[in-house]
Amino acid sequence: EWVIETKNLTTSLSIPAAKLVPDLEPFIERKLYTVNTGHCAIAYLGQKAGQLTIATALRDPEIEREVAEVLDETSKALVIKHGFSTSEQSDYVQKTLKRLRNPLLDDLIVRVGRDPIRKISRTERIIGPAVILAEAGVEPKALMDVLEAALEFDIPDDQANLDLQHQLFIAWLRFPQSDSLEKS
C-alpha cells in the first residue's frame, strides 16, 4: 500500500499506484495494528506453541485461528476509530496474512518478538487497539491472550525481554497472588 499525505503539498499529484489522503495517521495506525500486531501475535503465540518461524507458526491451525481473532479485533478498532470500511479492512488483513504466510519472506520468532516492552506499551500494537475496543464497550479477548503470551515470551539474550521478566518478578514479589486469586 502506497499512501501519500496531501495536506502539506503545494501542488497536485497524479500517481496511479498511490492513494492520496489528507491525513496519513489512520493509515500508519492501520499498518501498526494490522501488519505489526499480526506479526508479533504470531511470534508470541508461536513461541508458546514451540514454533521457530513465523510461516511455520502460521501453518498451525490453532495459531492461525488465534491470529485471525486478533486481526478481527484490531479491524474492529480501526473501523471504530478511523472509519475504514469493513470490506476495505478485510482486504488489507487478507493481504497481510498472505504476506506473513509466504515462506520466502519468513522470519524467526525470536527476532520478531524481541523488545516486548515497547510492543506492549500503551499506544503500540497490542494495548493500543485493545484500549480502543474497551472504550467502545468491546472486550479485547484475543488481544489479551496475545498480551499474556508476550509476557511469557522468553529470549535470554534480549535485554528488553530480560528487563520485562525482571519487572514482572518484582511485581510478583510486591503483589503475591493469594489462594483465592489463583483459583479464579
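All of these numbers come straight from a predicted model, not from anything done at the bench.

> Which parts of the structure should I look at to understand a nonpolar patch on the surface?
Taken together, the side chains of F169, I170, W172 and L173 make up a nonpolar region of the molecular surface, amounting to roughly 410 Å² of accessible area. With respect to the helices, strands and loops of the structure, W172 is situated in helix α9 (residues 159–174).

> Whenever I open this one, the nonpolar core confuses me. Can you help?
Nonpolar side chains tend to gather and get buried jointly when the protein is soluble and globular. With 42 residues, the main nonpolar core has I42, Y44, V67, I126 and V146 as its most contacted residues. Listing elements by their share of this core, those giving two or more residues are α1 (25–48), α2 (54–58), α3 (61–82), α4 (86–101), α5 (109–112), α7 (127–135) and α8 (141–152). No other element matches the nine residues that α1 contributes to this core. Ignoring anything within four residues of it in the chain, the contact list for I42 reads I54, A57, L58, V67, L100 and I109.

> Got a minute to help me understand the packing of aromatic side chains in this structure?
The relation between two aromatic rings is expressed through the spacing of the ring centres and the mutual angle of the planes. Counted according to the given criterion, the structure contains two aromatic pairs. Seen in terms of ring centroids, F27 and F84 are 5.3 Å apart; in terms of plane orientation they differ by 80 degrees. Their pairing is edge-to-face. Here the residue F27 occupies a position in helix α1, and F84 occupies one in the loop between α3 and α4, the gap between them amounting to 57 residues. By relative accessible area, F27 is classed as buried at 12%.

> I keep staring at α3 and nothing clicks. Help me out?
Look at α3: 31 Å from first C-alpha to last across 22 residues, which is about the 32 Å you get at 1.5 Å a residue. Burial in α3 covers these residues: I63, E66, V67, V70, L71, E73, T74, S75, A77 and L78. Residues of α3 that are buried make contact with α1, α2, α4, α7 and α8. The N-terminus of α3 is capped by D60, whose side-chain oxygen sits 2.8 Å from the backbone nitrogen of E62. Where α3 ends, the next residue or the one after it, G83, has phi of about 75 degrees, a positive value.

> Please clarify how the packing of α3 against α8 should be interpreted in this entry.
If you want to describe how two helices pack, look at the angle between their axes and the distance between the axes. Following both chains from N to C, one finds α3 and α8 inclined at 120 degrees, their axes separated by 8 Å at the closest point. The angle between the axes of α3 and α8 places the two elements in the oblique class. For the element pair α3 and α8, the recorded crossing hand is left-handed. In contact with E69, V70, E73 and T74 of α3, α8 contributes K141, A142, L143 and V146. A breakdown of the residues in the contact of α3 with α8 according to their chemical character gives four nonpolar, one polar and three charged.

> What am I meant to see in the side chain of T53 here?
Within the secondary structure layout, T53 lies in the loop between α1 and α2. A distance of 2.8 Å separates a polar atom in the side chain of T53 from a polar atom in the side chain of D106. Among residues more than four places away in sequence, those in contact with T53 are D106, D107, L108 and I109.

> Please clarify how unusual backbone geometry should be interpreted in this entry.
Excluding glycine, residues mostly carry a negative phi; peptide bonds, for their part, are mostly trans. In this structure, D115 takes a positive phi of about 60 degrees despite not being glycine. Inspection of the secondary structure puts D115 in the loop between α5 and α6 (116–119). Judged by relative accessible area, which is 25%, D115 ranks as partly exposed.

> Can you help me understand the pattern of salt bridges in this one?
Two side chains of opposite charge can pair, provided their charged atoms sit close to one another. Evaluated as defined, the whole model comprises 15 salt bridges. A salt bridge links K19 to E88; its shortest N-O distance comes to 2.9 Å. Of the two residues, K19 is situated in strand β2 (residues 19–21) and E88 in helix α4; the sequence distance between them amounts to 69 residues. For the salt bridge of D115 with R118, the shortest nitrogen-to-oxygen distance reads 3.0 Å. Overlapping salt bridges bring together E1, K19, R30 and E88 as one network.

Conventions adopted
- Residues numbered from 1 in each chain as written.
- Predicted model: local features only at pLDDT ≥ 70, side-chain atom pairs only at ≥ 80, totals over all residues.
- Heavy atoms only, no water.
- Patch = residues over 30% accessible without salt bridge, like charges linked within 9 Å, V, L, I, M, F, W, Y side chains within 5 Å.
- Areas by Shrake-Rupley, 256 points an atom, 1.4 Å probe, with all protein chains shown as cover.
- Salt bridge = Lys/Arg side-chain N within 4 Å of Asp/Glu carboxyl O.
- Helix = DSSP H or I, 4+ residues; strand = E, 2+ residues; numbered from the N terminus.
- Core = buried A, V, L, I, M, F, W, Y, C linked by side-chain atoms within 4.5 Å.
- Buried < 20%, exposed > 50% of the residue type's maximum accessible area, 1.4 Å probe, protein only.
- Contact = heavy atoms within 4.5 Å.
- Phe/Tyr/Trp six-rings, centres within 6.5 Å; stacked < 30°, edge-to-face > 60°.
- Expected span 1.5 Å × (residues − 1).
- Polar contact = N/O pair within 3.5 Å; in protein donor to acceptor, adjacent residues only side chain to side chain.
- Axes fitted to C-alpha atoms, helices over the stretch in contact; angles between N-to-C directions.
- Parallel < 35°, antiparallel > 145°, perpendicular 65-115°, else oblique.
- Left-handed = near helix turned anticlockwise from the far one by under 90°.
- Nonpolar A, V, L, I, M, F, W, Y, C, P; charged D, E, K, R; others polar.

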